[in-house]
Amino acid sequence: MYLPSFSLEGKTVIVTGAGRGIGRAIAIGMAEAGADVGVIARTEADLQSTAAEIEKLGQKSYIVKADVTKREQVKSAIEQIINETGSIDILVNNAGMNIRSKALDVTDEEWQQIMDTNLKSAFMFSQEVGRHMKEKKAGKIITITSVGGHVALRTGVAYAATKAALIQMTKVLALEWGKYNINVNAIGPWYFKTPLTEKLLQDKEYVKDILAVTPMKRVGELEELVGPAVFLASEASKYMNGQTIFVDGGMTIQGF
Ligand SMILES: NC(=O)C1=CN([C@@H]2O[C@H](COP(=O)(O)OP(=O)(O)OC[C@H]3O[C@@H](n4cnc5c(N)ncnc54)[C@H](OP(=O)(O)O)[C@@H]3O)[C@@H](O)[C@H]2O)C=CC1
Ligand SMILES: C[C@H](O)[C@@H]1OC(=O)[C@H](O)[C@@H]1O
């Protein structure tokens, strides 16, 4: 028999930024695959909505209202979920944001906010959950980066720097933690319609530019990210480590 399991039955997943967009879709998709899911964000109503969808699937949800840029809130979020479930098997570092501006206009405050939300939060969660996974000698860490960490986009240098750093963080954590049977990988999306990108994707000229560099000539559908995420969370990817899977309709091949 060669086909491994894609099931997440009996697993506990935590997803940061699970209140909206990609994080919400991944959290619900993990529940569809059989996992119980901890959902983390700052907006309670969004978390309640995601949790309700998870419970409708017969899976448990654990709501943690937290700011992922604050170490103490990261630690208490993880402690709360481990106390309630006994273990965290899969971490999805998804929370992120952007302030789209040209390099000469980036303020120190904007730089710091983007760095803390996109990069520092993922590292803090990886550290705190990684300690737990090292003890268990098992775990899966999946970080949502972006094509913007691999090719130059017009959507801001600070964001790009965080997303490129996440690709390298993924490699170094995989190098250090592979011997503890922890898989550390990343997913790099191109455009998907979420609250983060909704306004941009209403601009017909901008969408024309996006499609001009996208071989599949369309933006992605959220379920097209959930498949790769469940794959990386499952036994089916247990020999994959330090990799970034670009889910981008072919955009990063930059063919001509
Ligand atoms: N949409 C796209 O096309 C692409 C997105 N990405 C990446 O995917 C990830 C998700 O993006 P997307 O779903 O579009 O974004 P959204 O803005 O739609 O959702 C972001 C989520 O992150 C949460 N979040 C933001 N800041 C914090 C914080 N400080 N503490 C806790 N939670 C926080 C938000 O909740 P709340 O505000 O309530 O805290 C929300 O749930 C990001 O890392 C983004 O960079 C990458 C490539 C393309
Ligand atoms: C594709 C990028 O990750 C995404 O596109 C946007 O406009 C956002 O600000 C991000 O840069």
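Residues numbered from 1 in each chain as written. Chains lettered and ligands numbered in written order. Predicted model: local features only at pLDDT ≥ 70, side-chain atom pairs only at ≥ 80, totals over all residues. Heavy atoms only, no water.

- As recorded in an unreviewed UniProt entry, the protein chain goes by L-rhamnose 1-dehydrogenase (NAD(P)(+)) and comes from Heyndrickxia camelliae.

**Some thoughts on the pairing of strand E6 (residues 182-189)**
Consideration 1: Among the eight residues that make up E6, eight are buried, leaving the element largely enclosed by the rest of the structure.
Consideration 2: What you see with E6 is no split at all: Ile-182, Val-184, Ala-186 and Gly-188 on one side and Asn-183, Asn-185, Ile-187 and Pro-189 on the other are buried throughout.
Consideration 3: Two elements, strand E5 (residues 139-144) and E6, share six bridges in a ladder whose sense is parallel. In the strand pairing of E6, Thr-143 is matched with Ala-186.
Consideration 4: Handedness of the crossover is the feature at issue here: the chain leaves E5, passes through helix H5 (residues 157-177), returns alongside E6, and the resulting connection is right-handed.
Consideration 5: Pairing between E6 and strand E7 (residues 244-247): four bridges, direction parallel. Across the sheet, residue Pro-189 finds its bridge partner in E7, namely Val-247. (Buried < 20%, exposed > 50% of the residue type's maximum accessible area, 1.4 Å probe, protein only. Helix = DSSP H or I, 4+ residues; strand = E, 2+ residues; numbered from the N terminus. Pairing = 2+ DSSP bridges. Right-handed = clockwise from strand over helix to strand, strands pointing away.)

**Focus: the pairing of strand E3 (residues 61-65)**
Consideration 1: When strand E2 (residues 36-41) meets E3, the two strands line up parallel, connected through five bridges. Counterpart to Gly-38 in the pairing with E3 is Tyr-62.
Consideration 2: Running through helix H2 (residues 44-56), the crossover from E2 to the neighbouring parallel element E3 is right-handed.

**Concerning the site of ligand 1**
Consideration 1: The environment of ligand 1 is made up of 29 residues, and the closest members are Arg-42, Thr-43, Asn-94, Tyr-159 and Thr-194.
Consideration 2: Ile-22 places a main-chain nitrogen or oxygen 2.8 Å from an oxygen atom of ligand 1.
Consideration 3: A distance of 2.9 Å separates a nitrogen atom of ligand 1 from a polar backbone atom of Val-68.
Consideration 4: Protein burial of ligand 1: of its 880 Å² of free accessible surface, 96% is covered by the chains.
Consideration 5: Put simply, ligand 1 lies in the largest pocket.
Consideration 6: The set of elements that each furnish at least two residues to the shell around ligand 1 consists of helix H1 (21-32) and H5.
Consideration 7: The residue inventory of the shell around ligand 1, partitioned by class, reads 13 nonpolar, 12 polar and four charged. (Near = heavy atom within 4 Å. Polar contact = N/O pair within 3.5 Å; in protein donor to acceptor, adjacent residues only side chain to side chain. Areas by Shrake-Rupley, 256 points an atom, 1.4 Å probe, with all protein chains shown as cover. 1 Å grid on protein atoms, 1.4 Å probe; cavity = no way out; pocket = protein on both sides within 12 Å on 5 of 7 lines; lining within 4 Å. Sits in = over half its atoms within 2 Å of the grid points. Nonpolar A, V, L, I, M, F, W, Y, C, P; charged D, E, K, R; others polar.)

**Brief notes about the site of ligand 2**
Consideration 1: Taken together, Asn-98, Arg-100, Ser-146, Leu-153, Thr-155, Tyr-159, Trp-190, Tyr-191 and Leu-200 make up the full set of residues near ligand 2.
Consideration 2: For ligand 2, an oxygen atom lies 2.7 Å from a polar atom in the side chain of Tyr-159.
Consideration 3: Look at ligand 2: alone it shows 290 Å² of surface, and the protein chains cover 96% of it.
Consideration 4: Counting atoms within 2 Å of the grid points, the majority share of ligand 2 lands in the largest pocket.
Consideration 5: Of the residues assigned to the shell around ligand 2, the class counts are five nonpolar, three polar and one charged.

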